[in-house]
Amino acid sequence: MRRADLWYLVALGAFAAVSFHPGWREPQLAGISLFGWLMATLMVVSPIAALTLFLRERKPRGGDSR
């Protein structure tokens, strides 16, 4: 596993653990609980970050285009 992938999984797990903390269910921002904002952020940011890591993978070296 590449180091960047490992850091992505660790960061994703940490953000999910913080997001699911019960203390975020009561506070509200713009009429929506903070838990809702964190879940929306998780749903948008995690696939974008994974796609960015995927696209940054090393391309094959050499002139072979197979």
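Criteria and cut-off values
Residues numbered from 1 in each chain as written. Predicted model: local features only at pLDDT ≥ 70, side-chain atom pairs only at ≥ 80, totals over all residues. Heavy atoms only, no water. Helix = DSSP H or I, 4+ residues; strand = E, 2+ residues; numbered from the N terminus. Polar contact = N/O pair within 3.5 Å; in protein donor to acceptor, adjacent residues only side chain to side chain. Contact = heavy atoms within 4.5 Å. Axes fitted to C-alpha atoms, helices over the stretch in contact; angles between N-to-C directions. Parallel < 35°, antiparallel > 145°, perpendicular 65-115°, else oblique. Nonpolar A, V, L, I, M, F, W, Y, C, P; charged D, E, K, R; others polar. Phe/Tyr/Trp six-rings, centres within 6.5 Å; stacked < 30°, edge-to-face > 60°. Lys NZ or Arg CZ within 6 Å of the ring centre and 35° of its normal. Expected span 1.5 Å × (residues − 1). Buried < 20%, exposed > 50% of the residue type's maximum accessible area, 1.4 Å probe, protein only. Patch = residues over 30% accessible without salt bridge, like charges linked within 9 Å, V, L, I, M, F, W, Y side chains within 5 Å. Areas by Shrake-Rupley, 256 points an atom, 1.4 Å probe, with all protein chains shown as cover. Salt bridge = Lys/Arg side-chain N within 4 Å of Asp/Glu carboxyl O.

Attention now goes to the side chain of serine 46. Summarising the element assignment, serine 46 is placed in helix H2 (residues 34–55). There is a polar contact of 2.6 Å between the side chain of serine 46 and the backbone oxygen of leucine 42. When near neighbours in sequence (up to four residues on either side) are disregarded, serine 46 contacts Tyr8, Leu12 and Thr41.

So, about the packing of helix H1 (residues 3–19) against H2. Remark: H1 packs on H2, axes separated minimally by 10 Å, with the N-to-C direction vectors making an angle of 175 degrees. With respect to each other, H1 and H2 are oriented roughly antiparallel. On H2, the residues touching Ala4, Asp5, Tyr8, Leu12, Phe15, Ala16 and Ser19 of H1 are Phe35, Leu38, Met39, Thr41, Leu42, Ser46, Ala49, Ala50 and Leu53. When its residues are assigned to classes, the contact of H1 with H2 shows twelve nonpolar, three polar and one charged.

Quick look at the packing of aromatic side chains now. Evaluation of the coordinates by the stated rule reveals one aromatic pair. Residue placement shows arginine 25 over the ring face of phenylalanine 35; its charged tip is 4.3 Å from the ring centre.

Take H2 next. Taking 1.5 Å per residue as the helical rise, H2 with its 22 residues ought to reach 32 Å, and the 31 Å between its terminal C-alpha atoms agrees with that figure. Turning to H2, its buried residues number three or more, namely Phe35, Leu38, Met39, Leu42, Ser46 and Leu53. Contacts made by the buried residues of H2 are with H1 and strand S2 (32–33).

The next thing to look at is the side chain of serine 19. Relative to the elements of secondary structure, serine 19 occurs in helix H1. Of the polar contacts made by the side chain of serine 19, one reaches the backbone oxygen of phenylalanine 15; its length is 2.7 Å. Once residues within four sequence positions are removed from consideration, serine 19 is found in contact with Trp24, Phe35, Leu38 and Met39.

A contiguous nonpolar patch, built from Met1, Leu6, Trp7, Leu9 and Val10 and spanning about 600 Å² of accessible area, is present on the exposed surface. Structurally, the position occupied by leucine 6 is in helix H1. Overall, leucine 6 belongs to the partly exposed group, its relative accessible area being 46%.

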